[in-house]
Amino acid sequence: MKSYRIYFLAILGLLASCKNNPEPENEAPNYGLIAKNAMVVSARKEASQIGVAILKQGGNVFDAMVATHLALAVAYPYAGNLGGGGFMVYRKANGEIGSLDFREKAPLRATRDMYLDDNGEVIPNKSWLGALATGVPGSVAGIFEVHEKLGSLPLETIFEPILSLAHKGVVVTEKQAKTIKEYQPLFHEVNLNTIPFDKNWKAGDTIKYPVLASTLERILEFGKDEFYKGETAKKLVGFIQNNGGIITLKDLEKYEAKWRKPITFTYDDLNIISMGPPSSGGVCMAQILKMVEPFHLDENDHNSLRTIQAVVEAERRAYADRSFYLGDPDFNKIPIETLINDKYLTGRMSDFSFEKATPSSEFSHGNIEVIESNETTHYSIVDQFGNAIAVTTTLNGAYGSKLYCPELGFFLNNEMDDFSSKPGVPNMFGLIGAEANSIAPEKRMLSSMTPTIVEKNGEFFMSLGTPGGATIITSVLQTILNVHEFGMTMQEAVDAPRFHHQWLPDEVVMEPNSFDTSLIEQLKTLGYNVREGESIILGKVDGIRVLNDKSYEGGADRRGDDTAIGF
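Treat the numbers as computed from the prediction; the structure is a model and nothing was measured.

Calculation criteria
Residues numbered from 1 in each chain as written. Predicted model: local features only at pLDDT ≥ 70, side-chain atom pairs only at ≥ 80, totals over all residues. Heavy atoms only, no water. Helix = DSSP H or I, 4+ residues; strand = E, 2+ residues; numbered from the N terminus. Contact = heavy atoms within 4.5 Å. Polar contact = N/O pair within 3.5 Å; in protein donor to acceptor, adjacent residues only side chain to side chain. Core = buried A, V, L, I, M, F, W, Y, C linked by side-chain atoms within 4.5 Å. Buried < 20%, exposed > 50% of the residue type's maximum accessible area, 1.4 Å probe, protein only. Pairing = 2+ DSSP bridges. Axes fitted to C-alpha atoms, helices over the stretch in contact; angles between N-to-C directions. Parallel < 35°, antiparallel > 145°, perpendicular 65-115°, else oblique. Left-handed = near helix turned anticlockwise from the far one by under 90°. Nonpolar A, V, L, I, M, F, W, Y, C, P; charged D, E, K, R; others polar. Salt bridge = Lys/Arg side-chain N within 4 Å of Asp/Glu carboxyl O. Phe/Tyr/Trp six-rings, centres within 6.5 Å; stacked < 30°, edge-to-face > 60°. Lys NZ or Arg CZ within 6 Å of the ring centre and 35° of its normal. 1 Å grid on protein atoms, 1.4 Å probe; cavity = no way out; pocket = protein on both sides within 12 Å on 5 of 7 lines; lining within 4 Å. Points joined across faces, edges and corners; volume = space filled by probe spheres on them.

A. Summary view of the environment of aspartate 101. With respect to the helices and strands, the residue aspartate 101 is situated in strand β4 (residues 97-102). Sequence separation of aspartate 101 and glutamate 256 is 155 residues, and the distance between their C-alpha atoms is 9.2 Å. In this structure, aspartate 101 is in contact with Gly86, Phe87, Tyr255, Ala257, Lys258, Arg260, Met275, Pro278 and Arg444, ignoring residues within four places of it in sequence. In this structure the side chain of aspartate 101 is engaged in a polar contact, spanning 2.8 Å, whose partner is the backbone nitrogen of arginine 103.

B. Layout of the nonpolar core. Core analysis: the biggest nonpolar cluster contains 87 residues, and Met65, Val74, Leu82, Met88, Phe197, Leu216 and Ile389 have the highest contact counts within it. Counting residues in each nonpolar core, the second largest holds 83 residues, with Ile272, Ala314, Ile480 and Ala564 among its members.

C. Molecular detail of the sheet that holds strand β1 (residues 33-35). With respect to topology, 7 strands assemble into an open sheet ordered β1-β20-β19-β15-β14-β9-β8, the strand pairing being antiparallel. Pairing within the sheet leaves two strands with one partner each, and these edge strands are β1 and β8 (263-267). Averaged over all adjacent pairs, the angle separating strand axes in this sheet is 20°, with direction ignored. In the packing of helix α10 (residues 281-292) onto the sheet, the strands contacted are β8, β9 (270-274) and β14 (452-456), and the crossing angle to β8 comes to about 15°. Here helix α14 (residues 472-484) sits on the sheet and contacts β8, β9, β14, β15 (459-465) and β19 (542-546); the angle it forms with β15, its principal contact strand, is near 140°.

D. View of the packing of helix α1 (residues 45-56) against helix α4 (residues 155-168). Two elements in contact, α1 and α4, have axes whose closest approach is 10 Å; the angle formed by their N-to-C orientations is 155°. Between α1 and α4, the interaxial angle falls into the category roughly antiparallel. Handedness of the α1/α4 crossing: right-handed. Across from Glu46, Ile50 and Ile54 in α1, the residues of α4 making contact are Thr157, Ile158, Pro161, Ile162 and Leu165. Of the residues contributing to the contact of α1 with α4, the split by class is 6 nonpolar, 1 polar and 1 charged.

E. Representation of the pattern of salt bridges within the structure. Evaluation of the coordinates by the stated rule reveals 30 salt bridges. Aspartate 101 serves as the salt-bridge partner of arginine 444, at 3.1 Å between the closest nitrogen and oxygen. Both residues of the pair, arginine 444 and aspartate 101, count as buried. One salt bridge in this structure joins arginine 317 and aspartate 351, with 2.9 Å as the shortest N-O distance. Residue arginine 317 is found in helix α11 (residues 305-325), and its partner aspartate 351 is found in the loop between α13 (342-348) and β10 (376-382); the two are separated by 34 residues along the sequence. When its relative accessible area of 1% is taken as the criterion, arginine 317 is described as buried. A residue is classified by how much of its surface remains accessible, and aspartate 351, at 44% relative accessible area, is partly exposed.

F. A look at the packing of aromatic side chains. Summed over the entire model, instances satisfying the criterion amount to 21 aromatic pairs. Here phenylalanine 197 and tyrosine 404 contribute two aromatic rings whose centre-to-centre distance is 5.8 Å and whose plane-to-plane angle is 75°, an arrangement assigned as edge-to-face. For phenylalanine 197, a relative accessible area of 1% corresponds to the buried category. Between phenylalanine 227 and tyrosine 228, the aromatic rings sit 4.9 Å apart at their centres with planes inclined by 65°, giving edge-to-face as the arrangement. With relative accessibility at 0%, the residue phenylalanine 227 sits in the buried group. Through pairs of rings, three or more aromatic residues link up here, namely Tyr76, Tyr78, Tyr183, Phe187, Phe197, Tyr209, Tyr399, Tyr404 and Phe411. Over the face of the ring belonging to tryptophan 259 we find lysine 149, whose NZ or CZ atom lies 4.1 Å from the ring centre.

G. A look at the sheet that holds strand β2 (residues 39-42). In space, the 7 strands of this open sheet follow the order β7-β4-β3-β11-β10-β2-β21, with antiparallel pairing throughout. Unpaired on one side and paired on the other, β7 (258-260) and β21 (563-566) mark the two borders of the sheet. With strand direction ignored, the average angle separating the axes of adjacent strands in the sheet is 15°. As paired elements, β2 and β10 share 3 bridges and run antiparallel to each other. Residue valine 40 lies in a different strand from β10, and its bridge partner there is isoleucine 381.

H. Empty space enclosed by the protein, seen in detail. When its volume is computed, the largest cavity comes out at roughly 100 Å³. Taken together, 14 residues form the lining of the largest cavity, with Ala73, Pro77, Gly409, Phe410 and Phe411 sitting closest to its centre. Per-class residue counts for the lining of the largest cavity are 10 nonpolar, 4 polar and no charged. Of the pockets and cavities examined, the second largest cavity occupies roughly 60 Å³. Secondary-structure elements contributing two or more residues to the lining of the second largest cavity are α11 and α14. Counting residues per element, the lining of the second largest cavity draws most heavily on α14, at 3 residues. Split into classes, the residues belonging to the lining of the second largest cavity amount to 4 nonpolar, 5 polar and no charged.

As structure tokens, then:
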């Protein structure tokens, strides 16, 4: 934890720096892109460029949010979307904060046991593959809600570069070519007709999106109602139902994005602003950071044995609480104040010892009386006026349900898998759920998305978030720790090796080929089950932070095609 140390000028004339100075000892720091006025960091260069272009035209961060979101729907169909949903956290230059929930909802015809067979067992793949896995989309409602309340430029100005990109096409990257090929068997399994992603796309090829462009043109002309009540709505519902889904026109007509109060808490001298339920991100991260705060992590090396132990044990306890207490706040009374209370969290860590692991089998959720996807995407934006946002959006799985609507030009989400199909049975990300996250009509499914803004000394300091399903929360908090406790630049912080624990399964997932074998053996000796493997994504963090001279540094994660653009 941060100590209030006094630094002296050494005889040799070397001035030691406080821990918030990013320069590590003995080597030059690795900075990301630095810009004086404004910045966008997203999963694709094209989206970041379009977001910055909107800012250069005098738009604010909320105009750039709409543009970046739509650009990702074109350039990054893996997770960018019209057929999904997400969350936004914002901080205005005057310090005003807020958050928007445009998470998908369960259809009116959804039932608690809709994914169970006659014996009460979960039917494999039913909740994550095909039309029945699709929740009512919220992205279009979200961007229109943001623009109506907080935007400044005309929508025609914002949509123009998006339409141009869709018609002109997007160049396939090596990573995109790999993911398309990887998921083609599922495309063939789910879709009745051929789709644009059936081809053998290679890096350097250009994919054009004329059908999606037509859909966007109608949305621009007729507004949000086009997607939820108009021709697009009718085509979408017809397609879903013809493929075995249950979404109706009434579902679309009733959908609304909701402004919610963000989760705020302090860690050391930072004030952290994150997303509240139905995202578990803010609550879970607050629990973990508050549980590790007494352990003075800055007195240890980065990713040292003691650091990993303290964070892992806090993670396992927070995820146990997540599984039991968290869900849609419109359907459940969630004891947020108790869950992030210092006294409660001190009690949660009371049985932790550095001498051995605490098996997850020995405890479940904390004793309180109560009266997500790997393939998400995140973008962070700061404008020239000092406003900042963090937005995480998703289709849940890669290319969502794998079901592509050829009349509209986009994939549909498989967010219904984020509900508890059966309490106690893990979803596609291995997360265990309880009654609080059971399926009910119009309910929003629990998420791990953690768009986050950090203040320091009352001023904006960082905006960040990540995809990564269950690992979102742990990736975001480790990035914050990397900057604040271990003196890293934003780029170093997002690139640093990560680890993860989520209560069940009881294992520490460690990024492959990133940790010393002796460290892994030490963990095993203490009783930790360690897994290194390519099967789980440990986030692709996109972040922005303020440097000492008030310029911005962007950290675009090396694990993807992520790109920072600024001016």
